[in-house]
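# Structural features, examined
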Amino acid sequence: DQELNPAWLTSLKNTQMSAGRGLALDHRGDLQITGYFTGDAGLGDNNVSSAGGTDAFALHLDAYGEATGLQAFGGDGNEQGFAVATDPLGGLVWAGTFESEPDFLEDGNATVVSSGKQDAFILRHDLMTVIPKQYFEVTVATGEAGTPKYFIDGVESPDLHLLRGLPYFFEL
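Residues numbered from 1 in each chain as written. Predicted model: local features only at pLDDT ≥ 70, side-chain atom pairs only at ≥ 80, totals over all residues. Heavy atoms only, no water.

This brings us to the layout of surface pockets. Empty pockets left among the atoms are what a rolling probe the size of a water molecule brings to light. There is about 190 Å³ of room inside the largest pocket. What lines the largest pocket is a set of 14 residues, among which Thr 10, Ser 11, Ile 33, Leu 59 and Leu 61 lie closest to the centre. Residue assignment for the lining of the largest pocket shows that the elements contributing at least two residues are strand E1 (13-25), strand E2 (31-43) and strand E4 (55-61). Tallied by class, residues from the lining of the largest pocket come to ten nonpolar, four polar and no charged. (1 Å grid on protein atoms, 1.4 Å probe; cavity = no way out; pocket = protein on both sides within 12 Å on 5 of 7 lines; lining within 4 Å. Points joined across faces, edges and corners; volume = space filled by probe spheres on them. Helix = DSSP H or I, 4+ residues; strand = E, 2+ residues; numbered from the N terminus. Nonpolar A, V, L, I, M, F, W, Y, C, P; charged D, E, K, R; others polar.)

If you want it as structure tokens, here you go:
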């Protein structure tokens, strides 16, 4: 509301210690939160346990403060999440520190090995398996009424509109 009264308040439960370090709004207006915890942590029906030391967490809260996801990232050492960012397509990027050899996806496919006391990690999750790079040629011709006609790879695209030029930005 206009007086900035709290709409909701929540916290991780059952932890020996926890700290939130970074948050971002995603493309749906939900919160993505990262930090670290020790022991067990839970919120709603979402529960995780640390693999040893402190583990990084990724928490997803909807606009009403309800937990819709909680994931732990860790290994024998200390892992801490410090920042999270989102992209317009729903991808998420977490950054933090790790020790030892944590398994970030809990499936053996995303292990990293620390080369020192603490190393940095950057972990990206996407809704798409691969984000394709798209290269295409846009050409312009003059239409019958003197208005521009846009073509993508030689095919007329009536739904393509120039938003601004130099550099050129188009909207489909």
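Now that the structure has been shown, the text picks up again.
The biggest cluster of nonpolar side chains holds 13 residues, and the ones touching the most others in it are Leu 12, Phe 57, Leu 59 and Leu 61. At the level of elements, E2, E4 and strand E5 (67-73) are the ones that each hand at least two residues to this core. Here the element with the most residues in this core is E2; it accounts for five residues. If we skip the residues at most four places from it in the chain, Leu 61 touches Trp 8, Thr 10, Asp 30, Leu 31, Ile 33, Leu 43, Glu 66 and Ala 67. Counting residues in each nonpolar core, the second largest holds eleven residues, with Ala 24, Ala 58, Leu 92 and Phe 104 among its members. (Core = buried A, V, L, I, M, F, W, Y, C linked by side-chain atoms within 4.5 Å. Buried < 20%, exposed > 50% of the residue type's maximum accessible area, 1.4 Å probe, protein only. Contact = heavy atoms within 4.5 Å.)

Read from one edge to the other, the open sheet built from three strands follows the order E9-E10-E11, with strand pairing classed as antiparallel. Edge positions in the sheet fall to strand E9 (138-142) and strand E11 (155-156), since each of these pairs with one other strand and no more. As paired strands, strand E10 (residues 148-152) and E11 are joined by two bridges and run antiparallel to one another. Bridge pairing in E11 places Phe 151 opposite Glu 156. (Pairing = 2+ DSSP bridges.)

Function-wise, these values are silent; they only describe arrangement.
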